[in-house]
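# Secondary and tertiary structure notes
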Amino acid sequence: MELNFSSMTLTNSRLIPTSGTLLNNAPKSLCLASHTLLPTVSFSLASPDSLKLTNSRKVIAMAAGSSRDLELSSLTALSPLDGRYWGKVKDLASSMSEFGLIYFRVLVEIKWLIKLSKIPQVTEVPSFTKEAESYLQGIVDGFSMDDALEVKKIEKVTNHDVKAVEYFLKQNCESHSEIAKVLEFFHFACTSEDINNLSHGLMLQEALTSVILPSMDELIKSISLMAKEFAYVPMLSRTHGQPASPTTLGKEMAIFAVRLSEERRYLAETKIKGKFAGAVGNYNAHISAYPDIDWPHVAEEFVTSLGLTFNPYVTQIESHDYMARLFNTISQFNNILIDFDRDIWSYISLGYFKQITKAGEIGSSTMPHKVNPIDFENSEGNLGKANAELTFLSMKLPISRMQRDLTDSTVLRNMGGALGHSLLAYKSAIQGIRKLQVNEARLKEDLDQTWEVLAEPIQTVMRRYGVPEPYEKLKELTRGRAVNEESIREFIKGLDLPEEAKSQLLKLTPHTYVGAAASLALAVDEALHFGH
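Every value quoted in this text rests on a predicted model; they were computed, and no experiment measured them.

Each helix and strand in the protein was counted, giving 23 helices and eight strands. Relative to its 532 residues, the protein shows a buried fraction of 45%. A sequence separation of at least 24 residues applies to 78% of the contacts in the protein between residues at least 6 apart. For the protein, the computed accessible surface area is about 28,600 Å², with 54% contributed by carbon and sulfur atoms.

Set out below in structure tokens:
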């Protein structure tokens, strides 16, 4: 069946077909009278079988020509973090990528072998010479992309990522006469999760210390600078979207700087934990081989030597409770930043901020005048994506069936995405802040038109001096009525107040009624928390 629609007339906001005929099994059409004000619209509905055949051919042609042969690049990456936004998040790659995971596995395995050589009771692994230790450390320090690819090549045979690291180390050490004698003590008494949990902890520690916390600090400092710079810029507050007691722009920025710094401090204080207790957390294998060694003490020494906090009560895995706490803290930091992004977006919408334009940039593909708050929108969007992943990680990771199931393994590989979207959001917000320019004329305009906000100080002073029904009198004067400077001043002059109090009220304007806002903004640095 084929339908050909020409047009229809528009009458009283309704579409009314003026004529029409529907025919079946022949050249068929539904014809409606034309209207000169509306364009002609035509479309055809082919048979279902014909549509299926056409679509199938298109899909086959596309697959043959492109997707099956695509190589990984910035254009074919499934995540925009590895494509469009790579330049902004690549600093996380050395720690949070699979390369980073393999690197830290290598580090942990080598450090464990060196630790064994320092335990007197493990006579089978004598103390290494300085040259041998230097050789082992050189594998860590010189670990390269080619080394990681070699590990992946071994993994294709073993189908086990941690075992591939062990074999890689044996291959690299078999030529060293001293280390070659103790190759089987690589991965001694370890379950894979002994290596993995420490590696994941080191990955997070490195990412936080080198990338995430410094970016948070830069963001907080950018906002605190706004607080001090705009400490004396009066601004109309809005509660429930309606005019409220004035504040200063700087003080509102100070609030966000302090809130964010609190979460940053909590994040820095989160203890990243590690376990090293074997297959089910009891040192079964360790004790069977060397029953006279205090293995829990050895494990604690080893874990803390890596800069992590030792967790003695575990199953096969470290319970990931610290990870949940860490990811929840980042999520809360992100929540506060979403609040900031939306407020800045709103202030831009009100005209309180202008955005410095850049030559060549385009705001809209069809509206040439647009200068959109894209940095804050990008930040908000990425924070939402990050928080969805962070929330899932914090909900999932502490749960594992009995002594261990494998569901955490694949989930842990996604930590980089959550941190990546967070980092991207921080950088977008910082970039947006740099473009902001205060429009003091627009701020002044709003304040000039809202003299009713002085109802609050007037009725408060009236209460002090015992004037009856102060709130009710101000409500009658201001609620739902147009109020201006003249009407407010006339009201004040008619009050039964001491002359000094009346004089002080007459000096008030919406611009000066800001309380301690300026001093709070200027003192913001004293309230900030920049931790370890």
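Our focus in this paragraph is the pattern of salt bridges. Applying the stated criterion across every chain yields a total of 29 salt bridges. In this structure, Arg-489 engages Glu-485 in a salt bridge whose closest nitrogen and oxygen atoms are separated by 3.0 Å. In this pair, Arg-489 and Glu-485 both sit in helix H20 (residues 485-493), four residues apart, roughly one turn of the helix. Using a relative accessible area of 36% as the deciding quantity, one classes Glu-485 as partly exposed. A single salt-bridge network, built from bridges that share partners, covers Glu-98, Arg-105, Lys-152, Glu-155, Asp-161 and Arg-413.

Another point: the packing of helix H9 (residues 192-229) against helix H13 (residues 321-350). One way to put it is that H9 packs onto H13 with a least axis distance of 13 Å and a crossing angle of 25°. Classified by the angle their axes make, H9 and H13 are roughly parallel. Between H9 and H13 the crossing geometry is left-handed. Packed against H9, whose contacting residues are His-200, Gly-201, Leu-204, Leu-208, Met-216, Leu-219, Ile-220, Ile-223 and Met-226, the element H13 presents Tyr-322, Met-323, Leu-326, Phe-327, Ile-330, Phe-333, Leu-337, Phe-340 and Ile-344 at the interface.

For helix H19 (residues 470-478), the full list of buried residues reads Pro-470, Leu-474, Leu-477 and Thr-478. End-on, the buried residues of H19 take up no more than an arc of 80°, which puts them together on one face. Tucked into the core, H19 has its buried residues touching helix H18 (455-464) and H20. At the C-terminal side of H19, Gly-480 shows a positive phi close to 75°.

Quick look at the confidence of the model for the protein now. This prediction gives the protein a mean pLDDT of 87; 84% of its residues lie at or above 70. Below pLDDT 50 for its whole length, residues 1-43 participates in 59 contacts with residues either more than four positions away or in separate chains.

The biggest cluster of nonpolar side chains holds 125 residues, and the ones touching the most others in it are Leu-219, Phe-276, Trp-295, Ile-344 and Phe-353. Take this core: its biggest share by element is 16 residues, from H9. For Ile-344, the residues in contact, after removing those within four places along its chain, are Met-226, Met-253, Phe-353, Phe-376 and Leu-436.

The final tally for this structure, using the stated rule, is 17 aromatic pairs. For the pair Phe-333 and Tyr-426, a centre-to-centre distance of 5.3 Å together with 70° between the ring planes defines the contact as edge-to-face. Highlighted residues: Phe-333 in helix H13 and Tyr-426 in helix H16 (residues 415-434), separated in sequence by 93 residues. Of the residues examined, Phe-333 reaches a relative accessible area of 0% and is grouped as buried. Feature note: the residues Trp-112, Phe-185, Phe-188, Phe-276, Tyr-290, Trp-295 and Phe-302 constitute an aromatic cluster, connected by ring pairs.

Scoring rules and cut-offs
The numbers attached to residues start from 1 for each chain and follow its sequence in the written order. For this predicted model, a pLDDT threshold of at least 70 governs which residues receive local features, and a threshold of 80 or more governs which side-chain atom pairs are given and counted, while totals over whole chains, interfaces and linings are taken from all residues. Heavy atoms throughout the structure, all of them, feed into the side-chain values; hydrogens and water do not. Note on conventions: DSSP H or I runs of at least 4 residues are helices, E runs of at least 2 residues are strands, and numbering of each starts at the N terminus. Buried, partly exposed and exposed residues are distinguished by accessible area as a fraction of the type maximum, computed with a 1.4 Å probe on protein chains only: under 20%, between the cut-offs, and over 50%, respectively. Between two residues, a contact is recorded if the distance between any of their heavy atoms is within 4.5 Å. Throughout, the Shrake-Rupley method with a 1.4 Å probe supplies accessible areas, and for residues the shown protein chains are the sole cover considered. We define a salt bridge as a side-chain nitrogen of Lys or Arg found within 4 Å of a carboxyl oxygen belonging to Asp or Glu. For helices, the axis comes from a line fit to the C-alpha atoms of the stretch in contact; other axes are also lines fit to C-alpha atoms, and the angle between any two N-to-C directions lies between 0 and 180 degrees. Each angle is binned into one of four classes, with values under 35 degrees roughly parallel, values over 145 roughly antiparallel, values of 65 to 115 roughly perpendicular, and all other values oblique. Two helices that cross are described as forming a left-handed crossing if the nearer one is turned anticlockwise from the farther one by less than a right angle, and a right-handed crossing if clockwise. Here the arc refers to the set of directions running from the helix axis out to each C-beta atom. The quantity called pLDDT is the predictor's confidence in a given residue, expressed from 0 to 100. For the purposes of this section, nonpolar cores are sets of buried Ala, Val, Leu, Ile, Met, Phe, Trp, Tyr and Cys residues that join through side-chain atoms within 4.5 Å. Pairing of aromatic side chains requires ring centres within 6.5 Å, counting the rings of Phe and Tyr and the six-membered ring of Trp. Pairs whose planes differ by under 30 degrees are stacked, by over 60 edge-to-face, and all others tilted.

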